[in-house]
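Residues per chain are reported as follows:
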There are 2 protein chains.
Amino acid sequence: MLISSRFRTCSWEALCARREGEKESPQSFLNSELFTLTYGALVTQLCKDYENDEDVNKQLDKMGYNIGVRLIEDFLARSNVGRCHDFRETADVIAKIAFKMYLGITPSITNWSPGGDEFSLILENNPLVDFVELPDNHSSLIYSNLLCGVLRGALEMVSQRLLFQ
Amino acid sequence: MLISSRFRTCSWEALCARREGEKESPQSFLNSELFTLTYGALVTQLCKDYENDEDVNKQLDKMGYNIGVRLIEDFLARSNVGRCHDFRETADVIAKIAFKMYLGITPSITNWSPGGDEFSLILENNPLVDFVELPDNHSSLIYSNLLCGVLRGALEMVSQRLLFQ
């Protein structure tokens, strides 16, 4: 299954500022299967709660946004990533560090726009979709849409914070 | 935060039968924070959906049960655990292998009943409750109740399967 996330930031040069003096919390590593199945329970619950797939997609994005807003702190503290010099470096940080850290995978980066301000992430081994079979009546469901929300929230937080510095 | 799970099985001698010839799927290891925050989103959604904490607890247990029923296959395939000789060994497998594998922690096992058929698991570093602050109006919410359901589902599956062999 392929999933592509396409997004844009206005102030990408501000992404990934290193947080000085941040204390790292202890790391715990785990297998993804419990997370995968718990995520499935979440999507199933939303499909019961909302009448159509579009509303489920919106809710997943919203939940993801709220998660991203909080996760960025953890990411910056753990990753020791410095300020990115351009959007291509930002894409690398997202794909090779962030996705590796939280989902154990490294999506490929493709479809760069001519202006270099848009790209796609292709998740070939997305653990969220393990064991998943979507029923026919959910053809519009973007099952992993939470991830787009997470990226949106995390990116927005970093940009905002630095615009005020 | 302490969480104790107390449960009983009727046919514990049947737990943990080794699955022969099971093919292992590739392992992916990840940090727990995205899972933790996603779990928080799930509990929050259920608190919106159900009127009282008892119903949320029931729903978490039910979801966990459905997860456990599926997760046990993955666990047996990955862990190479053989048949347990008694319930104490079963407790060790749950705490030291299963929890370590899926949550990155090892709960302590306490409060054995005189008959040796009941015990408590104490989760001192439960990653599910990182970042969590429960509002005062959710004093009856058993936040991590999904885990009890997972154990219930997983244990039931193993016992059932062997009772039919």
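Residues numbered from 1 in each chain as written. Chains lettered and ligands numbered in written order. Predicted model: local features only at pLDDT ≥ 70, side-chain atom pairs only at ≥ 80, totals over all residues. Heavy atoms only, no water.

- The name given to chain A in an unreviewed UniProt entry is Trafficking protein particle complex subunit, with the source organism recorded as Limosa lapponica baueri.
- Its UniProt record gives chain A the following Subunit (unreviewed entry) comment, quoted word for word: "Homodimer."
- The Function (unreviewed entry) field of the UniProt record for chain A holds the comment "May play a role in vesicular transport from endoplasmic reticulum to Golgi." (UniProt positions renumbered as here; feature names shortened; annotations may be inferred.)

**Focus: the overall build of chain A**
- Scanning chain A from N- to C-terminus turns up four helices and four strands.
- When the helices and strands of chain A are listed from N to C terminus, the series reads β-β-α-α-α-β-β-α.
- For chain A, the residues scored as buried account for 55% of the 165 residues in total.
- Here the analysis covers contacts within chain A between residues at least 6 apart in sequence; of these, 72% occur between residues at least 24 apart. (Helix = DSSP H or I, 4+ residues; strand = E, 2+ residues; numbered from the N terminus. Buried < 20%, exposed > 50% of the residue type's maximum accessible area, 1.4 Å probe, protein only. Contact = heavy atoms within 4.5 Å.)

**Remarks on the pattern of salt bridges**
- In total, this model carries eight salt bridges over all chains according to the counting rule given.
- Of the charged contacts, one joins Asp61(A) and Arg152(A) as a salt bridge, the two residues approaching to 2.6 Å between their closest N and O atoms. Of this pair, Asp61(A) sits in helix H2 (residues 53-79) while Arg152(A) sits in helix H4 (residues 145-163), and the two are 91 residues apart along the sequence.
- Among the ionic pairs, Glu33(B) bridges to Arg78(A), the shortest N-O distance being 2.4 Å. Of the two residues, Glu33(B) is situated in helix H1 (residues 33-49) and Arg78(A) in helix H2; the pairing between them involves two chains. Each member of the pair Glu33(B) and Arg78(A) is classed as buried. (Salt bridge = Lys/Arg side-chain N within 4 Å of Asp/Glu carboxyl O.)

**A short note on the confidence of the model for chain A**
Residues and elements named next belong to chain A.
- Averaged over all residues, the pLDDT of chain A is 80; the fraction at 70 or higher stands at 79%.
- Within the model, pLDDT remains below 50 along residues 1-26, and this stretch shows 80 contacts once partners closer than five positions in the same chain are excluded.
- In this model, residues 160-165 is a region of pLDDT below 50 whose contacts with residues beyond four sequence positions or in other chains number seven contacts.
- The ipTM, which scores confidence in the relative placement of chains, is 0.80 for this predicted complex, and the corresponding pTM is 0.81. (pLDDT = per-residue confidence, 0-100.)

**Observations concerning the relation of the copies chain B and chain A**
- For the match of chain B to chain A, the screw axis carries a shift of 0.0 Å, the RMSD comes to 0.0 Å, and the turn is 180 degrees. Accordingly, the operation relating the two chain copies is best matched by a two-fold axis.
- In this assembly, 100% of the residues forming the interface of chain B have copies in chain A that are likewise at the interface, indicating an isologous arrangement. (Least-squares fit on C-alpha atoms with pLDDT ≥ 70 in both.)

**A closer look at the interface of chain B and chain A**
- Taken together, the contact between chain B and chain A spans 35 residues of the former and 35 residues of the latter.
- Carbon and sulfur atoms make up 64% of the surface buried where chain B meets chain A, a total of about 3300 Å² over both sides.
- When the buried surface of chain B facing chain A is broken down by residue, Leu30(B), Asn31(B) and Leu34(B) rank first, second and third, together holding 23% of it.
- Joining chain B to chain A, the criterion identifies eight residue pairs in polar contact (both at pLDDT 80 or more). (Buried area = accessible area lost by both parts, 1.4 Å probe. Polar contact = N/O pair within 3.5 Å; in protein donor to acceptor, adjacent residues only side chain to side chain.)

**Re the packing of helix H1 (residues 33-49) of chain A against H1(B)**
- Running from amino to carboxyl end, H1(A) crosses H1(B) at an angle of 30 degrees, the nearest separation of the two axes being 10 Å. As the angle between them shows, H1(A) and H1(B) are arranged roughly parallel. At the point where H1(A) passes H1(B), the crossing takes the left-handed sense. Within the contact between the two elements, H1(A) uses Leu34(A), Phe35(A), Thr38(A), Tyr39(A), Ala41(A), Leu42(A), Gln45(A), Leu46(A) and Asp49(A) and H1(B) uses Leu34(B), Phe35(B), Thr38(B), Tyr39(B), Ala41(B), Leu42(B), Gln45(B), Leu46(B) and Asp49(B).
- Each residue belonging to the contact of H1(A) with H1(B) can be placed in one class, and the counts come to 12 nonpolar, four polar and two charged. (Axes fitted to C-alpha atoms, helices over the stretch in contact; angles between N-to-C directions. Parallel < 35°, antiparallel > 145°, perpendicular 65-115°, else oblique. Left-handed = near helix turned anticlockwise from the far one by under 90°. Nonpolar A, V, L, I, M, F, W, Y, C, P; charged D, E, K, R; others polar.)

**A closer look at the packing of aromatic side chains**
- The full count for this structure, using the stated rule, is nine aromatic pairs over all chains.
- Ring geometry for Phe35(A) against Phe35(B): centres 5.3 Å apart, planes inclined by 40 degrees, an arrangement best described as tilted. Of this pair, Phe35(A) sits in helix H1 while Phe35(B) sits in helix H1, placing the two residues on different chains. Each member of the pair, Phe35(A) together with Phe35(B), is buried.
- On the numbers, 4.8 Å between centres and 40 degrees between planes, the contact of Trp112(A) with Phe119(A) is tilted.
- Owing to a relative accessible area of 0%, Phe119(A) belongs among the buried residues under this scheme.
- In this structure an aromatic cluster arises from ring pairing among Phe87(A), Trp112(A) and Phe119(A). (Phe/Tyr/Trp six-rings, centres within 6.5 Å; stacked < 30°, edge-to-face > 60°.)

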